Each structure stands twice: as structure tokens, then as C-alpha cells.
Amino acid sequence: MRPLVARFGMLALMAAVACQAAQAPGPSRSPAPTPTQSYPSREGTCAMRVSASLTLANDLTCAGDGMVVIADNVTVDLGGHTLTGPGMGPQTWPLPQLDSVGVRAGGHTGVTVRNGKTTAFSTGIYFIDMVSSSIESVTTLRNRFGFYIHASHKITVKDSDVEFNIYGLHLQNSDDCVLVNNVLARQTYNSPGGYGLYLYASSRNRVTDNTIDSNINWGIWFSDAKENVIFHNNVVGNNPPVSDNTEGSNVWYDKQTKEGNWWADYKGKDADNDSIGDTPYPILGPGGMVDPYPFVAKDGWKTKRRATIDDYEPAAARPPRGVTIVALVGGAVRSMRPGDTRSREFLAADSKNVRQIALGTDERTVYSYVDRAVVAQDVVTGEARTKQEVTVDGVVAANRDGHSVMVVGSSGAEQIDLTTGQAEYFDYHGGAESLAPSYKHNHVFVATTRGIDLLYLNLGGRTPYTIPLDGEPTAMVMAGSGTRIYAAIAAQHVIDVVDTEQYAVVDRIKTDVLPTSLAISPREDILYIGSASGAEAVTIRDRSVVSSAAFLGSVVDLAVSPNGDQLYVALAGLSHAIAVLDAPRLRVAHVIELDTDPSRILVASY
């Protein structure tokens, strides 16, 4: 993410950044005031440049910035006063909105902003490239960003109230910070937005004793955030509560006391009366993490009287999953096991006119698009459960809500709820090449000839932004965690790496071949690249080629076993087959012959 930070470098030289902490007007706590040193009182003016510590003597209403800190070791005591801005400004995500900032500070050490309020700014307090600085007892309301802490280290935000903003407390590329005793509540929704606490590419931060309450979207959203510790927080009324996409890195409890957080939707029991639930609380998101020691009551750590009785047992290693390969072959849907010699008919009733296939989020339901209808079929039982008519001709994909399927084409986009049969049409004409539904359920990434469109289903099908690529994408695949999209660029030896939170190309992978198809290992450490001449496995971290394989036929599609031990290669031209390779070494273990060319393969698992 450093390339994105670099884009802000000039901005950081022109303006300083400030972080705010807001005292709650009463939603959940009223901390005892901390004795603080007093500073000379000074009448403030808008956009004033602060080079020495002061106590503000008046409210400010500003058409632009409120205050700009331009020196190290400065305390801005707002003296209980309010800085009011001109409004939150237009949406600029993934960039911070800096049209107006309550307090800016950038490139400094030892700055403190305390004891006041910022409201109606683009960003309430903005810190960039800051070190050992703090926001204390600041309320920030009705800004686009409440507090935006960017490329900074050892920042403390405490005793503050962050409410009714589009984005609440935002850490971007910021490490070793302490977030303690804050109220992060009722952020409003303007997709993307509505987060109480958002950490992107930020590590070793400590999040304790906060109330994260009634945010309209995620209460806590961690994206590419690692080695953070989160405990003694009250999390209530958010929709949904939390998401963590980093497996095995963030710690959702205090390792010494074995105490976690209070989650209002926790359903477990406390049979041994130690104030800790007897079963873990699942942390949503592809990271598969848990809070193993959830409290059963709000603020339970304040009334806990006995040591935690450790009932937690980590889940046993998951046994290898069963695998069925599903292929679209000459308009027919066929299925096979990795050891089969021949494929068999899968969707017999409509076997000759299928245009598209997609896999459901349960990883065992296959959606087939045939003659303006979508058929949902269970790969294990073979039962065709649903057939739903659609009006759009295009690319099919399953939404991540688990019960909807969408078709996106040049004539529009349509989403169908397969449980109710209700369909919704969207006036979108982007010419979809492939789809990658977001984990947020409300939008889908659409690869087109001009880039990757963000198609927002909850906003009537609006496309507010197109992620520019280095050329026309020939293949697109989303990582299992949902945080990265890999796009192969036509006629170029390059794969663009797109961050799905920042909506930008953040990296590029150079290749020796012209990529035509892509797949990612379940651990997201290996990228498999198909080309006209074969396939190769490349490590995502250091871009080294692990292995390669050559074939007589051209590679038209790739898929990886959920167990990570096999790569499946669809071959057309001189060969009509599915090659089964050991992964990641790419030794051909088996070949399943087909009657004609395949065009698409999926891997169902159970």
C-alpha cells in the first residue's frame, strides 16, 4: 500500500495533520478527567498555523481548514470549544477527503490535540506521517472521516467520541497505535462507509476499552491488518459486528488474562460463572478467526471476580474436503472426480444450451445460465433445486449473501433471490467480461474493456467509479479473502494487483508468458498463471516461479482444489481434456479426456 501513501506525499508537505479524540456526550461512558498542563489562551482564526502550544479561546466556523499544526511537541487544547466546517465534501474514497480539515498535522512528533469538538468537516482530524502523538477527549461529529490516521506510528487515541460520520476512526498504514476508551458509534452509510473502526494495512495496534455501537455497516473492519490485539471492547448493534481477513495474525483477546470482548449477539452460555462464555465467538470474514474468551455481559471485565476457566479448545484441523470438478464443455455441463477417466452429464435436462456456469458461496451449488434462466443444482445430490427466469443475457455469478445470483451483461444487470424468486433489474451497460462479487454483499466488481467497474446494487445499480488498469483485462480472479483482485492484461506480460478496499492497482506482477487465465491457492501464497503454452506457479510474496508445466493444448481456464494440493487445467485445441496436476509443483498426475473443448471449470467441495 506504500504506492498509495506516496501519492499523498506532496499533500503532506503542504499541510499538517491532526488526530482527534472525542469525549462521549453520554452514550456509554464519562471518563474521569485527567489532570493536564495548561497553556496560554489564544484567540483562534480559521486556517491558523500553530507552532506553539495553546488553549483555544473561542469557537471557529470555517469555510476551509480549522487549524494546522506546523511544529513538533505542540499541544492544541481546544478549551472545550467547537471547530465547525463547511460540510463533509464529496466522496473521494479511496483517497482521504481533505477539502476541509478540523485539525491537520503532518510530519511531526509529539503533537497532542485535546479537549474539544470538530464537526462538519471533510475530515475531523487528519494525521499523516506522525510519530508519538495523540488525540485525547475530542468529539468529532458529522464529518466524512472522523479521525484519519495515515502512515503514522505510535499514535494514541483515547477518551474520544466519534459519531455520525461516514467513516469513524480510520487507520491506514499506521502501526503501534493505542486506541483506548473511545466511543465509535452511529457512523452513517454512504457505501463504502458506515464503519466504526477501520484498519487497513496497519499492524501491532492495541484496541481496548472502546464502545463500538450502532454503526450502520461493519462495527470493526480489518483489511490486510496484522498482529493487532483487540480486547475489553463492547461491540453492539452494528451490521454486521466485525470482519477480519487475516488468518492467524490478529489476536481477539488478552493472552495474559484470557479475556476477550463483549459481543452483543453472542449466544453462548457461561456454565462455570467466570463471566466468560464457554464457547468461542466467531469473527466474521475469510480469516476464520475467533474470540475464544468472549464476555457474556457488557463491561464484564469491570465486574469479573475470578480467573478465567479455560474451556477453549482450538478447532481440530479440517480433514481434506471432497472435490468435484464441474466443466462447461460445448454447451453442456459435465462433472468428474479428479481420478475419473471420463466426465459425465451433470445438468441433463438442459445439457446443450448452457452459456455460463458459476459456483455458489456454499461451494457445492452450481448455477447454470441457459436460455434466459438460471438453474441451481447441488453437486453432491445432483438435485436441480431452482430454475429462475431472467431477462438479462450475460455473465453469471453468485452473490456472497448465500441466496442470490446475478447476471450482468450489455443489456443490464439483474439479481435474483433464489429463496423468494424476487428479481431486481439494474440499468447497467458496462459489457461485463467477468464478475467478482464483493464480501460486502452490496456491490460487485465487473471487469470490462475499460477497467473494473464498481457496480453498487444497493444504490440502484450506480457505477460511481471505475478502477483503471494497464489495459483490457483478459482474466480476473479474486483472492479468497476478498481483499485482492488479480487481472491479466491483454497482450502484456503483466498482472495488475487491485486492492478491493482502496479501489486501486497497488502492485504489478511481471510474467514471462502472456496470461490467459488465473487461479489463487487457498492460502493466497501462490498465483497460478495459464497461457497458450502451459501453466506456471508463482509465489505472490517474492514473484519467484515455483514450477511450470507445458501442454499440447492451450490453457483456457484454471481452478485450484480447496485443499491446495491440486491444480485443474482446462485444455482446448490439440487436446480436449482436464489435466490434474499436483500443486504447487505442477506434476501431471492424471488427465480426464473430453469430447470437445472446455471453456470453463469450477471446483465444488463438500
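In the block above lies the structure referred to throughout.
So, here's what we can say about the structure. Treat the numbers as computed from the prediction; the structure is a model and nothing was measured.

**Things to note about the pattern of salt bridges**
Two side chains carrying opposite charge are able to pair once their charged atoms lie near each other. In the structure shown here, the tally under the stated rule is 23 salt bridges. R186 is paired through a salt bridge with E163; the nearest N and O atoms lie 2.5 Å apart. Of this pair, R186 sits in the loop between β17 (183–185) and β18 (197–200) while E163 is found in strand β14 (residues 161–163), placing the two residues 23 residues apart along the sequence. Owing to a relative accessible area of 2%, E163 belongs among the buried residues under this scheme.

**Quick notes on the sheet that holds strand β28 (residues 323–329)**
The strands making up a sheet associate through backbone hydrogen bonding, with each pair oriented either parallel or antiparallel. Taken in spatial order, the four strands make up an open sheet running β30-β29-β28-β55, and their pairing is antiparallel. The two strands at the open ends of the sheet, each matched to only one other strand, are β30 (344–345) and β55 (598–605).

**Regarding the state of the cysteines**
In total, this model carries one disulfide according to the counting rule given. The residue that forms a disulfide with C46 is C62, at a sulfur-sulfur distance of 2.2 Å. Here the disulfide of C46 and C62 is left-handed, its torsion about the S-S bond being about -90°. Here C46 is found in the loop between β1 (41–42) and β2 (48–50), whereas its partner C62 is found in the loop between β4 (60–61) and β5 (67–69), with 16 residues between them in sequence. Under the relative-accessibility criterion, C46 is labelled partly exposed at 36%.

**Comments concerning the pairing of strand β47 (residues 517–520)**
The two faces of β47 match: S517 and A519 on one face and L518 and I520 on the other face are all buried. In this structure, β47 lies alongside strand β48 (residues 526–530), joined through four bridges in antiparallel fashion. When the sheet's bridge partners are listed, I520 is paired in β48 with L527. Once β47 ends, the chain turns through five residues before running back antiparallel as β48, passing E524 with a positive phi of about 60°.

**What to know about the side chain of Q502**
Position of Q502 among the secondary structure elements: in the loop between β45 (494–499) and β46 (504–510). Reaching out from Q502, the side chain makes a polar contact with the side chain of Q172 at a distance of 2.8 Å.

**A word on the nonpolar core**
Core analysis: the biggest nonpolar cluster contains 49 residues, and M67, L169, L197, I220, W252 and W263 have the highest contact counts within it. The contact partners of L169, leaving out residues within four places of it in the chain, are F147, I149, V157, V162, L179, L184, G196, L197 and Y198. Among the nonpolar cores identified, the runner-up in size contains 32 residues, and I128, I166, L454 and M478 belong to it.

**Considerations on the environment of F346**
Looking at where F346 falls in the secondary structure, it is placed in the loop between β30 and β31 (354–359). Residue class for F346 comes out buried when judged on its relative accessible area of 9%. Between the alpha carbons of F346 and V333 there is a distance of 5.5 Å; along the sequence they are 13 residues apart. Dropping the residues within four chain positions of it, F346 is found in contact with V326, V333, R334, S335, V366, Q377, D378 and V379.

**Digging into the pairing of strand β12 (residues 145–150)**
The buried fraction of β12 is high, at six of six residues. Pairing geometry for strand β10 (residues 123–128) and β12, over five bridges, is parallel. Pairing of Y126 across the sheet is with Y148, part of β12. By the bridge criterion, five bridges tie β12 to strand β15 (residues 167–172) in an arrangement that is parallel. Each residue of the ladder has a partner; that of F145, found in β15, is Y167.

**So, unusual backbone geometry**
Each neighbour pair has its own omega, and for N239 with P240 the value is -5°, a cis peptide bond. For the bond running from A583 to P584, omega is 5°, close enough to zero to count as cis. Relative to the assigned elements, P584 resides in the loop between β53 (577–582) and β54 (587–593). In this structure, E227 takes a positive phi of about 60° despite not being glycine. Mapped onto the secondary structure, E227 falls in the loop between β21 (220–223) and β22 (229–231). With relative accessibility at 48%, the residue E227 sits in the partly exposed group. Notably, S275 is not glycine yet its phi reads approximately 75°, a positive angle.

**Concerning the packing of aromatic side chains**
According to the stated counting rule, one finds 18 aromatic pairs in the structure shown. Ring centres of Y195 and Y198 lie 5.3 Å apart, and the angle between their planes is 10°; this geometry places the pair in the stacked category. Assigned by exposure class, Y195 and Y198 land together as buried. Three or more aromatic residues link up through ring pairs in this structure, and these residues are W93, Y126, F145, Y148, Y167, Y195, Y198, W218 and W221. Lying over the aromatic face of F164, R142 brings its terminal NZ or CZ to 4.8 Å of the ring centre.

**Comments concerning the environment of Q377**
For Q377, the location among the structural elements is in strand β33 (residues 373–378). For the pair Q377 and Q415, spaced 38 residues apart in the sequence, the C-alpha separation amounts to 18 Å. Those residues in contact with Q377 that sit more than four places away from it in its chain are F346, L347, R364, T365, V366, G382, E383 and A384. A distance of 3.0 Å separates the side chain of Q377 from the backbone oxygen of F346, its partner in a polar contact.

**Description of the sheet that holds strand β38 (residues 423–426)**
Strand order in the open sheet made by the four strands is β35-β36-β37-β38, with antiparallel pairing throughout. Because the sheet does not close on itself, it has two edges, and the strands there are β35 (395–398) and β38. With strand direction ignored, the average angle separating the axes of adjacent strands in the sheet is 15°. In terms of strand pairing, β35 meets strand β36 (residues 404–409) through four bridges, oriented antiparallel. Within β36, the residue paired with V395 across the bridge is V408.

**As for the environment of S132**
Mapping S132 onto the fold places it in strand β11 (residues 131–141). Along the primary structure S132 and N73 are separated by 59 residues, whereas in three dimensions their C-alpha atoms are 9.6 Å apart. Not counting the four nearest positions on each side in its chain, S132 is found in contact with T109, G110, V111, H153, K154 and I155.

About the thresholds
Every chain is numbered on its own, with residues counted from 1 as its sequence reads. Local features in this predicted model are restricted to residues whose pLDDT is 70 or higher, and side-chain atom pairs enter the listing and the counts only when it is 80 or higher, whereas totals over whole chains, interfaces and linings include all residues. With hydrogens and water excluded, all non-hydrogen atoms of the structure serve as input to the side-chain values. Any carboxyl oxygen of Asp or Glu that lies within 4 Å of a side-chain nitrogen of Lys or Arg is treated as forming a salt bridge with it. Helix and strand assignments follow DSSP, with helices taken as H or I runs no shorter than four residues and strands as E runs no shorter than two, numbered in order from the N terminus. Accessibility here uses a 1.4 Å probe with only protein chains present; expressed as a share of the type maximum, an area under 20% marks a residue as buried, one over 50% as exposed, and anything in between as partly exposed. Being paired, for any two strands, means DSSP has found at least two bridges between them. Throughout, disulfides are identified as pairs of cysteine sulfur atoms within 2.5 Å of each other. Pairing of N or O atoms within 3.5 Å defines a polar contact, subject to two protein rules: one partner must be a possible hydrogen donor and the other a possible acceptor, and residues neighboring in sequence count only if both atoms are side-chain atoms. The criterion is simple. A nonpolar core is a set of buried Ala, Val, Leu, Ile, Met, Phe, Trp, Tyr and Cys residues joined through side-chain atoms within 4.5 Å. The criterion used for residue contact is that any of the two residues' heavy atoms lie within 4.5 Å. Two aromatic rings from Phe, Tyr or Trp, using only the six-membered ring of Trp, form a pair when their centres are within 6.5 Å; if the ring planes differ by under 30 degrees the pair is stacked, by over 60 it is edge-to-face, and anything between is tilted. Lysine and arginine charges are scored as sitting over a ring when NZ or CZ, respectively, is within 6 Å of the ring centre and within 35 degrees of the ring normal. Angles run from 0 to 180 degrees between N-to-C directions of axes, and those axes are lines fitted to C-alpha atoms, restricted for helices to the stretch in contact.

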